[in-house]
Amino acid sequence: MFTLDFKRNARAYLVLCMIFSCVFLLNCLTPLSYGDDYVYCFIWDGSSGWNIYEPLPEDARRVEGIADLVQSVSSYYMHWGGRLVGTALSQFFAWQGKELFNFCNSVIFLVLILEIHALSTGGKMVSGLKAFRLLWIFFALWSFVLGINGVMLWEIGACYYFWTMVLVLAFLIPYLRQFRSETETGSDSMRQILGMGFLGLLAGNTNENTICWLILLLGYDCLLSRREKRLQGWMVSGLVGLALGYLALLFSPGTIGRMLLDVQTLGTQSFSGKFLILAAGFLFQFLLWHFVLRGWRARSSFGTGAWARKTMQLIRIECMLSFGMLWIMLLSPELPLRSMFPSTVFLIVAAATMMELMQRTGKHWAGGRLRRFLHRLGAGYMIFTLAVTLWSFYGATQYAREVDNLAEQHARSGSQEILEIPWHEESRMQLVLSGIHNTPPPLLTDEKHWKNAAYARYWGIKGIRMREK
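A brief structural summary. Only a predicted model underlies this, so the values are computations on that prediction, with no experimental measurement involved. (Residues numbered from 1 in each chain as written. Predicted model: local features only at pLDDT ≥ 70, side-chain atom pairs only at ≥ 80, totals over all residues. Heavy atoms only, no water.)

For the rest of this paragraph, the subject is the side chain of Gln 232. With respect to the helices and strands, the residue Gln 232 is situated in the loop between helix H10 (208-227) and helix H11 (233-250). Here Trp 234 takes part through its side chain, which lies 3.1 Å from a polar atom of the side chain of Gln 232. (Helix = DSSP H or I, 4+ residues; strand = E, 2+ residues; numbered from the N terminus. Polar contact = N/O pair within 3.5 Å; in protein donor to acceptor, adjacent residues only side chain to side chain.)

Shown next, in the form of structure tokens:
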């Protein structure tokens, strides 16, 4: 149960309010991304042979109700991909509007921070909150997630990667509590068994490179618990649900069809190209790996008690999951940067768990003076990159509003001419100074490109293109 102790956790709640305000502002300053954010406003119609690499047909219909949403998600599953959870969320928010998404996404950001905090401290969501730990988790997400906009602020990207990761961590928390306990934890009622089965079904339908490792991990955990006579029904139902959701994801008609189409349309990235992208992601994670491995080398100083021993086991598991989720992408036909998000989240969980172990035992590999220097350095980096990011996103929002106004005026005029909009390009210097927090890319100079076509269909105009530089 959630227990709120405002007096004891006043500083932690103040930190959460500050984080929410910051993330909500970032969401408000993140414009819709040309392409997916507009395509998902329409009902998927795979029966016509249309796919996202082609312009939307002129008779495409907008999602305007629950029936349209169900029809669209069903068609998506049959013709384009198996991620039902992410697709349903994406099309729901595309239908309801960006304002609702901005608020809900900011709340979910806090939930992710609380989940990481809970996983690092034993599974309690809102009791015993530590203000500094919450700030550190926010800093880690901000600093070490490569391309945070494409994963946590971009509407469609957030629904497919960010929201689903929150679902996966929520599913894992009961298993963590069970692992921490020396005896059975909680009841094993039919309600709990069915609830975990359903939650597992949803979690299994989230991400291809994440769930396979969790099935192996929880399968081993169930076998170990059975041997120790601590196995409960909800543990089995959760694992079964997870496996069924994953099978529904992998073997959906849409997943198989899209994989074949991706290979035909885009080809496959070379092994060396994917290796370089993964190396870049690993470089972003380097400081986290350094922190965790330095702590691992000093593990003998943490004692041999049951709590310390189990904590080190958890850290090892979290690191193995992070590593596996990152490098399994070498087997994928393509490798977008956002695919590295699950790996980074589990590595942040491992680092936060190591931090909890050091705090409880009073054993730190870094001296007090070095820690204070690192805290100030991190705070300076956070403030500077956040300021640059806000400025960059503000400029992108102003440009997006200008384009929207031009498109709206063009639609009202009834003109059948192609609308031309001003040239826009993100400053490379701002991108670097922001910590690689890029703004959504602009429209293209080709009015026939699927991104331009989707935007034109959204506003009901003949076509749109960006002027040549």
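What follows deals with the side chain of Arg 133. Counting through the fold element by element, Arg 133 comes out in helix H6 (residues 131-144). Look at Arg 133 and you get buried, because its relative accessible area is 2%. Reaching out from Arg 133, the side chain makes a polar contact with the side chain of Glu 356 at a distance of 2.9 Å. Apart from the residues lying within four places of it in its own chain, the contact partners of Arg 133 are His 117, Ser 120, Thr 121, Ala 352, Met 355, Glu 356 and Gln 359. (Buried < 20%, exposed > 50% of the residue type's maximum accessible area, 1.4 Å probe, protein only. Contact = heavy atoms within 4.5 Å.)

Compared with an ideal rise of 1.5 Å per residue, which puts 26 residues at 38 Å, helix H8 (residues 155-180) spans 36 Å between its outermost C-alpha atoms and is within 8% of the ideal. In the structure, H8 departs most strongly from a straight axis at Ile 173, where the bend amounts to approximately 30° and where the proline Pro 174 lies between one and four residues downstream. Of all the 26 residues making up H8, 23 are buried; the element is thus mostly covered by neighbouring parts of the structure. (Expected span 1.5 Å × (residues − 1). Bend = angle between axes of the 7 residues up to and from the residue.)

The next point concerns H10. The end-to-end C-alpha distance of H10, which contains 20 residues, comes to 30 Å, matching closely the 28 Å that a straight helix rising 1.5 Å per residue would cover. Those residues of H10 that fall on the buried side of the exposure criterion are Asn 209, Thr 210, Ile 211, Cys 212, Leu 214, Leu 218, Gly 219, Asp 221, Cys 222 and Ser 225. Structurally, H10 contributes buried residues whose contacts are with H8, helix H9 (190-204), H11, helix H15 (306-327) and helix H16 (341-361). The residue sitting at the N-terminus of H10 and contributing the capping side-chain oxygen is Asn 207; that oxygen lies 3.1 Å from the backbone nitrogen of Asn 209. Backbone geometry just after H10 places Lys 229 at a positive phi near 60°.

All right, on to the layout of surface pockets then. Roughly 1400 Å³ of internal volume is contained in the second largest pocket. Residue lining of the second largest pocket: 40 residues in total, with Trp 136, Phe 139, Leu 374, His 375 and Gly 378 positioned closest to the centre. Elements represented by at least two residues in the lining of the second largest pocket include exactly helix H1 (10-28), H6, helix H13 (271-284), helix H14 (286-297), H16 and helix H17 (368-413). For the lining of the second largest pocket, the element with the most residues is H17, which contributes 11 residues. Classifying every residue of the lining of the second largest pocket by side-chain character gives 30 nonpolar, seven polar and three charged. (1 Å grid on protein atoms, 1.4 Å probe; cavity = no way out; pocket = protein on both sides within 12 Å on 5 of 7 lines; lining within 4 Å. Points joined across faces, edges and corners; volume = space filled by probe spheres on them. Nonpolar A, V, L, I, M, F, W, Y, C, P; charged D, E, K, R; others polar.)

When the charged atoms of two side chains with opposite charge come close together, those side chains can pair. Across all of its chains, the model carries 10 salt bridges by this definition. Notably, a salt bridge pairs Arg 412 with Glu 408, separated by 3.0 Å at the nearest N-O pair. Remark: Glu 408 and Arg 412 occur in helix H17; sequence separation between them is four residues, near one turn of the helix. On the accessibility criterion, Arg 412 (70% relative accessible area) is exposed. You can call Glu 408 partly exposed: its relative accessible area is 29%. (Salt bridge = Lys/Arg side-chain N within 4 Å of Asp/Glu carboxyl O.)

Here the focus is a nonpolar patch on the surface. Among the surface-exposed residues, Phe 198, Leu 201, Val 236, Val 240, Leu 244, Leu 247, Phe 251, Ile 256, Met 259 and Leu 260 lie close enough to one another that they form a single nonpolar patch of about 920 Å² accessible area. For the nonpolar patch, the secondary-structure elements that each account for two or more residues are H9, H11 and helix H12 (253-265). Examining the composition of the nonpolar patch, we find that four residues originate from one element, H11, more than from any other. Locating Phe 198 in the fold gives a position in helix H9. (Patch = residues over 30% accessible without salt bridge, like charges linked within 9 Å, V, L, I, M, F, W, Y side chains within 5 Å. Areas by Shrake-Rupley, 256 points an atom, 1.4 Å probe, with all protein chains shown as cover.)

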